[in-house]
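# Structure at a glance
Each chain is listed here by its residues.
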Amino acid sequence: MLTGNRSFYRRPPTYPAVLRTAVQIKKQCPAVRLFTVGKSVLGRRMIGLSLGNLSAPVLFAGAVHAQEWLTCLLLLRFFDDLSAAYAAKTELCDLPVGKILERRGLILVPLVNPDGVEIAISGPASAGRLADFVEQTARKDSRSWQANARGVDLNHNYNAGFSVLRRMEKRNGINSPSPRQYGGEYPHSEPETRAMVALCRRVCFKRVFAFHSQGEEIYYSYGEKTPPNARFLGEVLAASCGYSLEEPTGLASHGGFKDWFINTFSRPGFTIEIGRGENPLPVEELEPIYARLLEMLLIAILL
Ligand SMILES: [Zn+2]
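Let me begin by describing the structure that accompanies this report. (Residues numbered from 1 in each chain as written. Predicted model: local features only at pLDDT ≥ 70, side-chain atom pairs only at ≥ 80, totals over all residues. Heavy atoms only, no water.)

### Structural notes on the coordination of the zinc ion
Summarising the metal site, the zinc ion is bound by the protein donors His65 (ND1), Glu68 (OE), Glu68 (OE) and His212 (ND1), whose distances to it range over 2.0 to 2.5 Å. Taken together, the four donor atoms coordinating the zinc ion and their angles of 54 to 146 degrees define a geometry best described as irregular. As a motif over one chain, the donors of the zinc ion read H-x2-E-x143-H. Linking Glu68 in the loop between strand S3 (58-61) and helix H2 (70-88) with His212 in strand S7 (residues 207-213), this pair joins segments that are 144 residues apart in sequence. Residue Glu68 is classed as buried on the basis of its relative accessible area, which comes to 5%. (Donors = N, O, S within 2.8 Å, 3.2 Å for Na, K, Ca; no water. Tetrahedral: all angles 85-135°; square planar, octahedral: opposite > 155°, others 65-115°. Helix = DSSP H or I, 4+ residues; strand = E, 2+ residues; numbered from the N terminus. Buried < 20%, exposed > 50% of the residue type's maximum accessible area, 1.4 Å probe, protein only.)

Right under this line is the structure:
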């Protein structure tokens, strides 16, 4: 890790600081490619970072849910160390980083929901032309905002059991844009969702991992398209970090990114719920969570 980046990992990740850190990481390791995956509702960039063999890479995606911004810090913290070890030809966790990445590369999208994270960290004023809407919808609690700037929960917006999920949302009294759990007017209605869908159609991902908080849990299944090896892969990941392997229930059981990925490609997709406590997890939790998950993150690339 670059010493210049250390202060970035000690506070919530504002949008300009994320962009700055990504550029620093690329500087420390010229083999890293920094690119734009798409744009948010308010025109903020969803950045991508890639490293290694990209013929069938692995995807790590974070900060889908706004107040779960610690996942963005975790993924950049990991990629920072990973790319530094790659450039220096050293090991991480006693594992040969160069060999791992030459076999299978990694694409990182650390901030899937850049507008939402700004709302959760800096308040409704950061939502520009939608500031009034966010102010009214958040009802003085923008810190626990989960949706994008239009009040759509991006992990309810994917085309996987969308109509079933819509009925469940309605039963829970969610009929319109909300700080959380409103799936949007139709599947893939949001630019952030469409950008992730386009990325997955462009790149042949071997596996995808979506990072959320909290619960210390790993989810691996979505209906009958769940590949037969997914449970075993999940068991390996869970054994590495001591998280529990779970099956989704209730409102979390449709419409999510990993659900759509499994359903569309019949390849393994996972949701990792990092940490334990009340969201937003405090930034002081980053280092202990990282220490616990580092080996698992490397294995997730290798598997
Ligand atoms: Zn989440």
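On we go.
### Points about the nonpolar core
Looking at soluble globular proteins, one finds that nonpolar side chains tend to be buried together. Among the nonpolar cores identified, the biggest contains 72 residues, and Phe60 and Phe78 are the most heavily contacted of them. In terms of residues, this core owes the most to one element, helix H10 (residues 286-302), which gives eleven residues. Every residue in contact with Phe78, bar those within four places of it in the chain, is listed here: Phe60, Leu106, Tyr290, Leu294, Leu297, Leu298 and Ile301. Core analysis: the next-biggest nonpolar cluster, separate from the first, contains 26 residues, Val112, Ala195, Val197 and Ile262 among them. (Core = buried A, V, L, I, M, F, W, Y, C linked by side-chain atoms within 4.5 Å. Contact = heavy atoms within 4.5 Å.)

### Here's the deal with the pattern of salt bridges
Charged atoms that come close allow side chains of opposite charge to pair. In total, this model carries ten salt bridges according to the counting rule given. A salt bridge links Arg77 to Asp81; the shortest N-O distance between them is 2.8 Å. Of this pair, Arg77 and Asp81 both sit in helix H2, four residues apart, which is roughly one turn of that helix. In this pair, the class of Arg77 matches that of Asp81, namely buried. (Salt bridge = Lys/Arg side-chain N within 4 Å of Asp/Glu carboxyl O.)

### Focus on the packing of helix H8 (residues 230-241) against H10
Two elements in contact, H8 and H10, have axes whose closest approach is 8 Å; the angle formed by their N-to-C orientations is 155 degrees. The orientation of H8 relative to H10 falls into the category roughly antiparallel. Both H8 and H10 take part in a crossing whose hand is right-handed. For the pair formed by H8 and H10, the contact residues are Val236, Leu237, Ser240 and Cys241 on the first element and Arg292, Leu293, Glu295, Met296, Ile299 and Ala300 on the second. (Axes fitted to C-alpha atoms, helices over the stretch in contact; angles between N-to-C directions. Parallel < 35°, antiparallel > 145°, perpendicular 65-115°, else oblique. Left-handed = near helix turned anticlockwise from the far one by under 90°.)

### Thoughts on unusual backbone geometry
The omega torsion across Ser213 and Gln214 is 5 degrees, close enough to zero to call that bond cis. Look at the link from Asn279 to Pro280: it is a cis peptide, with omega at -10 degrees. Checked against the element boundaries, Pro280 lands in the loop between strand S10 (269-274) and H10. If you check the backbone angles, Ala63 has positive phi at about 50 degrees while not being a glycine. Checked against the element boundaries, Ala63 lands in the loop between S3 and H2. Although it is not a glycine, Ser266 adopts a positive phi angle of roughly 55 degrees. Position of Ser266 relative to the elements: it lies in the loop between helix H9 (257-265) and S10.

### Here we look at the side chain of Glu68
Within the buried set, Glu68 has no salt-bridge partner at all; the shortest N-O distance to an opposite charge, 6.6 Å, is to Arg180. A distance of 2.8 Å separates a polar atom in the side chain of Glu68 from a polar atom in the side chain of Gln146. Sequence-distant contacts of Glu68, defined by excluding residues within four places in its chain, comprise Ala63, Gln146, His212, Ser213 and Asn279. (Lys, Arg positive; Asp, Glu negative; His and termini not counted. Polar contact = N/O pair within 3.5 Å; in protein donor to acceptor, adjacent residues only side chain to side chain.)

### Section: helix H7 (residues 191-202)
Compared with an ideal rise of 1.5 Å per residue, which puts twelve residues at 16 Å, H7 spans 16 Å between its outermost C-alpha atoms and is within 8% of the ideal. All of the buried residues along H7 are Pro191, Glu192, Thr193, Ala195, Met196, Val197, Leu199 and Cys200. On its buried face, H7 is in contact with strand S1 (33-39), strand S2 (45-51), S3, strand S6 (106-109), helix H4 (114-122) and H9. (Expected span 1.5 Å × (residues − 1).)

### Focus: the packing of aromatic side chains
Counted under the stated rule, the structure contains ten aromatic pairs. Summarising the aromatic geometry, the rings of Phe8 and Tyr9 are spaced 5.0 Å apart at their centres and angled 75 degrees between planes, so their arrangement reads as edge-to-face. Given the relative accessible area of 5%, Tyr9 is considered buried. Relative to Phe265, the ring of Trp260 lies with its centre 5.6 Å away and its plane at 85 degrees, an arrangement referred to as edge-to-face. Over the ring of Phe35 we find Arg33; its NZ or CZ atom is 4.7 Å from the centre of that ring. Positioned above the aromatic ring of Tyr15 is the side chain of Arg44, whose terminal nitrogen or guanidinium carbon lies 5.8 Å from the ring centre. (Phe/Tyr/Trp six-rings, centres within 6.5 Å; stacked < 30°, edge-to-face > 60°. Lys NZ or Arg CZ within 6 Å of the ring centre and 35° of its normal.)

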